Structure formats: structure tokens, C-alpha cells
Amino acid sequence: MEITSETKTIALIGHPTIHSRSPQMHNAALRKLGLPYVYLAYDIEPSNLKKAIAGMKALQFTGWNVTIPHKVAIIDELDELDESAKAIGAVNTVVNRNQKWVGYNTDGLGYLQSLQEEMKINLKGKKVVILGAGGAARAVGYTLAIAGVKKITIANRTMSKAERLSEHLAQWTETETVSLDSCKQAIESAALLVNTTSVGMHPHVEALPIHPNWLHKDCMVSDLIYIPRETALLHAAKQVGAKVHNGMGMLVHQAAIAFELWLNHKAPIALMKEVLDHSLYESKA
Ligand code: NAP
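Read on for an overview of the structure.

Conventions and cut-offs
- Residues numbered from 1 in each chain as written.
- Predicted model: local features only at pLDDT ≥ 70, side-chain atom pairs only at ≥ 80, totals over all residues.
- Heavy atoms only, no water.
- Helix = DSSP H or I, 4+ residues; strand = E, 2+ residues; numbered from the N terminus.
- Rg over C-alpha atoms; globule rule 2.2 N^0.38 Å.
- Buried < 20%, exposed > 50% of the residue type's maximum accessible area, 1.4 Å probe, protein only.
- Areas by Shrake-Rupley, 256 points an atom, 1.4 Å probe, with all protein chains shown as cover.
- Lys, Arg positive; Asp, Glu negative; His and termini not counted.
- Charge placed at Lys NZ, Arg CZ, Asp CG, Glu CD.
- Salt bridge = Lys/Arg side-chain N within 4 Å of Asp/Glu carboxyl O.
- Pairing = 2+ DSSP bridges.
- Near = heavy atom within 4 Å.
- Polar contact = N/O pair within 3.5 Å; in protein donor to acceptor, adjacent residues only side chain to side chain.
- Nonpolar A, V, L, I, M, F, W, Y, C, P; charged D, E, K, R; others polar.

**Some thoughts on the overall build of the chain**
Then step 1. Looking only at helices and strands, the chain has 10 helices and 12 strands in total.
Then step 2. Taken over C-alpha atoms, the radius of gyration comes to 19 Å for the chain, in line with the 19 Å a tight globule of 285 residues would show.
Then step 3. Taken along its principal axes, the extent of the C-alpha atoms in the chain is 60 × 40 × 35 Å.
Then step 4. Classification of the 285 residues of the chain by burial places 53% in the buried group.
Then step 5. Carbon and sulfur atoms make up 53% of the accessible area of the chain, which totals about 13,400 Å².
Then step 6. Where the 29 positive side-chain charges of the chain centre and where its 27 negative ones centre are 3 Å apart.

**With respect to the pattern of salt bridges**
Then step 1. Going through the model one piece at a time under the given rule, you end up with 10 salt bridges.
Then step 2. Residue Lys 151 pairs with Glu 174 through a salt bridge whose shortest N-O separation is 3.9 Å. Of the two residues, Lys 151 sits in strand β8 (residues 151-156) while Glu 174 sits in strand β9 (residues 174-179), which places them 23 residues apart along the sequence.
Then step 3. Given the relative accessible area of 15%, Lys 151 is considered buried.
Then step 4. One network of salt bridges, in which partners are shared, links Lys 151, Glu 174 and Glu 176.

**Concerning the pairing of strand β10 (residues 192-195)**
Then step 1. Burial along β10 is two-sided: the residues Leu 192 and Val 194 and Leu 193 and Asn 195 are all buried.
Then step 2. Bridge analysis of strand β7 (residues 127-131) against β10 gives four bridges, and the strand direction is parallel. When the sheet's bridge partners are listed, Val 128 is paired in β10 with Leu 192.

**Some thoughts on the site of the ligand**
Then step 1. As a matter of local geometry, the ligand sits amid 22 residues, with Ala 136, Asn 156, Arg 157, Thr 158 and Gly 247 nearest to it.
Then step 2. Here an oxygen atom of the ligand sits 2.8 Å away from a polar atom, N or O, in the main chain of Ala 136.
Then step 3. Lys 161 is positioned such that a nitrogen or oxygen atom in its side chain is 2.9 Å from an oxygen atom of the ligand.
Then step 4. Contact with the protein chains removes 75% of the 920 Å² of surface that the ligand exposes when unbound.
Then step 5. Contributions of two or more residues to the shell around the ligand are made by α5 (135-146) and α9 (248-263).
Then step 6. A class-by-class count of the residues in the shell around the ligand yields 11 nonpolar, nine polar and two charged.

Listed below in C-alpha cells is the structure:
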């Protein structure tokens, strides 16, 4: 699509941003719908965040995505937060609402939409084990809690972080914490195990966050990692007959929700998925 004096700007800010596939995904969607916007990526050092945000506001950006390490620091630069960003304590999407800069978090809802689309799981009254207690665990934990799960067990390498997250999520559901090497019992009665740690991510693809013998066919396994497409954890889960779900759907859905917040236009999800799939997996084949 031709760039003209009327083209508006949306962006990703992070540090680094070089590996992000968001520009390909969003620009393909914008082109398909013929919308006069362009999506760019900016690598912003934390020390430049304030200046960068002031510039984006002055340039009347339509909005932007925020990734590591700015998801928490950005909050101080915004006028308002929606409920999910407040509850999660981090922002991944900013929208210009008539000069009011509003922060959202689409990671949790993106995760839930992907899980429901691919796994058709009814979460009401179910027990869930979350491995990890970082930013992604906060988003996923909050969303699963308000979706009505009965209990969330958090297993993390650093117990103090697991305990902090457990106390936070206890506002919405029953919670407990265990160490990563003692979550066997919690997995036995869980319907869903979610890996939000980075263990198993490229290039350390052989690594598993827990002992694979603890997996069983009645516990679906979801891994937020999308490179590789099938982590060692998902591979082990398949071996015991469990249903599996990887992080690619979350990546697409969180982007589609952000797209709709900026543009008030339904996102072409199938196209975004296709572009992402090609750029993550096929272009490497
Ligand atoms: P984060 O805030 O840095 O948290 C990382 C988590 O991984 C922490 O719980 C950390 O434990 C744990 N961890 C790291 N190395 C470990 C190791 N060697 N052994 C055990 N635990 C380890 O990162 P994040 O933003 O939550 O992201 C976590 C993962 O989710 C990444 O793989 C990321 O790519 C993925 N993710 C995917 C999507 C998606 O759209 N699919 C979105 C967001 C994130 P400690 O607390 O002990 O350090």
C-alpha cells in the first residue's frame, strides 16, 4: 500500500525488537484491509523510554505495542489503564483515545482465546498448574482465575516470586505454591498445565521445566513458547496421550486484540496466523 501524507503510525517498542514478527503480521493485516497505517518497530533503551514516548505522543501515533523490558515502566507515562492492565500490572498495548493514552494488556485474553479455540477446554471448576511466575505467568494466571478455574498451583524456580504471584491471584481464586521439583502431586489432579517459563525455548530445545514422567493423558499441556513449535515438554505430553497447545496462537490473538483496539476494525486473524507461521517456521525450512 502506498505511503502518503495521510498514513498513520502504529509501532512496537522494546529492547531488543529485532526478532519480532509483529511488523510482518500487522502490516499484512493493514494491507489486506486497505487501512492507511504502517506498523514499525523501535528498539528503545530503557534510559530513552520517556523521551521516546513523548515523541510518539507528539507525533500522534495511533497506538503502540510494548514488549520487554518496558511493559511495567510504561505505566508511568500513561493517563489510564484498563482493568486487565491494572490487575496484571503490565501493559503491552497503548491506544490514543483523543489524546488520552490508555494502557491495555492483551496477553492474557490472547492466551485464553487461543486455548479455547484450539483445545475447547471448559475451565470452570478445573485445577491448573502454572510453571513460572514472571510477566507471562501474571497475565495467564489472572485470565485463568477470572475465567473461573477452581485452583491455581504456581511452581517456580524462585519461590519468593511464586509466593508473590500466588498472593496476588488469591483475590480471584484458590492458589498455592510449590517448587518446580515438587509439583508432581498438583499435576496429578490438574486438567491443565501451563509452562510460562522460558525453559525449552530455542536454542535450549532439549530442556524440560519438570520431570516428563509426571505428565498424564488427562492433563492438557500448554506451552507459551513458540520456537520451537513443539517443545520437549509438548513432545513428552504427546507421548502420554495428553492434548497439547503451543504459544503461537497466543501471539496471534494478543496481536489481533491490539489491532482491534487501535483500529476498531475486525482483525484478519487467519491471515495474521499464516504470515506468522511462515515467518517463524517455513522461512527457516
Ligand atoms: P520473565 O518475566 O522473564 O519470566 C521468566 C520465567 O521463567 C520466570 O518464572 C523464571 O523463573 C523462569 N525461568 C527462566 N529460566 C529458568 C530456568 N533455567 N529454570 C527454571 N525456570 C526458569 O519472562 P516472561 O515474559 O514471563 O516470558 C516467559 C516465556 O513466555 C518466554 O519463553 C516467552 O517467550 C513466552 N511468552 C510467550 C508469549 C506468546 O505470545 N506466546 C507471550 C509472552 C511470553 P525465576 O523467577 O526463578 O527467574
